[in-house]
Amino acid sequence: MTNAPKKIAEGIVDQPMRIVVGGSSCSVLVSPPRTRRDEGTYGELLPRLLRRHGVVATTIHEGHWFGMVNEFRPRYENHLRNHFPDVLIINYGFAECEPNFLPYWLARHFSTWDLSSAAIPTGYRRYLAPRLWRIARFYQRQASRLTSNHSFRVSPRRFVADMRRIIEMARTETGCLVLVLDIDPPGERLQYWMPGMWQRWERYQLLLEKLVADFDDPEVRLIPNSRSILDELGFEVGEPDGIHRSAIGHARTAEVLTAEIMSWLDS
């Protein structure tokens, strides 16, 4: 039986555990959309699972649609430090390793969830944008076939530098446990539209492994979350759209993170 509740009762942790989740849409989107209220993202599910172990926790979501680490780092103060988390979960790398042949602002424009409510923008989104998006995706597919070693939305060097800076500041200023989720593998649908994504995914996975290893800090941990997609769930169940986790996939992530947090508390 864990002694975490006793620690909390004795005042070592005298308030609900604060968990901050920073990441892309992979951290905030369930695909297909949830059908029940008890489904949700891993950040939503974490407090429920921790409560079963006697740990009261609250999750603060700082993930964003099409968010990337180079946007999170400049907002570190508001998105992370001011929350003074006990646990930081970082979920970046998927968007960063994508090819940048289609400008970031254009890809975000066509894939946004904000379809407007005004008449003219609504008409554009309904009738014109889908046709333009098909042309843009065709161009991206042809361009992506040329190389898997160049053109990233965030270069490998900058990706590592931004991740390292966030982790360094979080550890220095809050002393929180840092859990770095590895990158889920790209599904067949994404590999079709972005040939070479598997090679890009492998490269950024290695970057994350080396980054965490270089810290040589027991409270900076890499979570091999992608294994549940590769070994257990499979793409159809885990990532129906080739990018975002299903409700079952998020539940698996929450279970893995709960086990890691409880191990940290026990130690």
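Being a predicted model, the structure only gives us computed values, none of them experimental.

Novice: Explanation requested: the environment of Ser144 in the structure shown.
Specialist: Mapping Ser144 onto the fold places it in helix α6 (residues 119-144). Using a relative accessible area of 2% as the deciding quantity, one classes Ser144 as buried. Along the primary structure Ser144 and Tyr104 are separated by 40 residues, whereas in three dimensions their C-alpha atoms are 14 Å apart. Apart from residues no more than four positions distant in its own chain, Ser144 is found in contact with Pro99, Phe101, Trp193, Met194 and Pro195.

Novice: Honestly, empty space enclosed by the protein in this entry has me stumped. Any pointers?
Specialist: The probe, sized like a water molecule, is rolled over the atoms to show the empty space still left. A complete count under the given rule lists one cavity of 30 Å³ or more for this structure. Roughly 100 Å³ of volume is contained in the largest cavity. When its residues are assigned to classes, the lining of the largest cavity shows six nonpolar, five polar and three charged.

Novice: Help me out: how do you make sense of unusual backbone geometry in this one?
Specialist: Phi is mostly negative for residues that are not glycine, and the peptide bonds are mostly trans. Cis geometry marks the peptide bond from Ser31 to Pro32; its omega dihedral reads -5 degrees. Tracing the backbone through its elements, the reader meets Pro32 in the loop between β1 (17-23) and α2 (42-51). Of note, Phe66 is a non-glycine position whose phi angle comes to about 60 degrees, a positive value. Note that Phe66 resides in the loop between β2 (57-61) and α3 (69-72).

Novice: Help me understand the side chain of Glu98 in this model?
Specialist: Note that Glu98 resides in the loop between β3 (87-91) and α5 (104-111). On the basis of relative accessibility, which here comes to 7%, the residue Glu98 falls in the buried class. Those residues in contact with Glu98 that sit more than four places away from it in its chain are Phe66, Ser151, Phe152, Arg153, Met194, Met197 and Arg200.

Novice: Sorry, what's going on with the packing of α5 against α6 here?
Specialist: Packed helix pairs are characterised by how far apart their axes lie and by the angle those axes make with each other. Their axes nearest at 10 Å, the elements α5 and α6 cross at an angle of 135 degrees. Classed by the angle they form, the pair α5 and α6 counts as oblique. The two elements α5 and α6 meet at a crossing, and its hand is left-handed. Across from Ala107, His109 and Phe110 in α5, the residues of α6 making contact are Tyr124, Arg125, Ala129, Leu132, Trp133 and Ala136. The class makeup of the residues in the contact of α5 with α6 is seven nonpolar, one polar and one charged.

Novice: I tried to follow the pattern of salt bridges on my own but got confused; where do I start?
Specialist: Where charged atoms of side chains with opposite charge meet at close range, the side chains can pair. Here the structure, examined in full by the defined rule, presents 16 salt bridges. Across the pair Asp162 and Arg73 runs a salt bridge, and its minimum N-O distance is 2.7 Å. Here the residue Asp162 occupies a position in helix α7 (residues 156-173), and Arg73 occupies one in the loop between α3 and α4 (76-79), the gap between them amounting to 89 residues. Owing to a relative accessible area of 5%, Asp162 belongs among the buried residues under this scheme. With relative accessibility at 27%, the residue Arg73 sits in the partly exposed group. Two residues, Arg221 and Glu260, come together in a salt bridge whose shortest N-O distance is 3.0 Å. Linking Arg221 in strand β5 (residues 220-223) with Glu260 in helix α12 (residues 247-266), this pair joins segments that are 39 residues apart in sequence. On the basis of relative accessibility, which here comes to 23%, the residue Glu260 falls in the partly exposed class. The structure contains a network of salt bridges with shared partners spanning Arg34, Arg37 and Glu44.

Conventions and cut-offs
Residues numbered from 1 in each chain as written. Predicted model: local features only at pLDDT ≥ 70, side-chain atom pairs only at ≥ 80, totals over all residues. Heavy atoms only, no water. Helix = DSSP H or I, 4+ residues; strand = E, 2+ residues; numbered from the N terminus. Buried < 20%, exposed > 50% of the residue type's maximum accessible area, 1.4 Å probe, protein only. Contact = heavy atoms within 4.5 Å. 1 Å grid on protein atoms, 1.4 Å probe; cavity = no way out; pocket = protein on both sides within 12 Å on 5 of 7 lines; lining within 4 Å. Points joined across faces, edges and corners; volume = space filled by probe spheres on them. Nonpolar A, V, L, I, M, F, W, Y, C, P; charged D, E, K, R; others polar. Axes fitted to C-alpha atoms, helices over the stretch in contact; angles between N-to-C directions. Parallel < 35°, antiparallel > 145°, perpendicular 65-115°, else oblique. Left-handed = near helix turned anticlockwise from the far one by under 90°. Salt bridge = Lys/Arg side-chain N within 4 Å of Asp/Glu carboxyl O.

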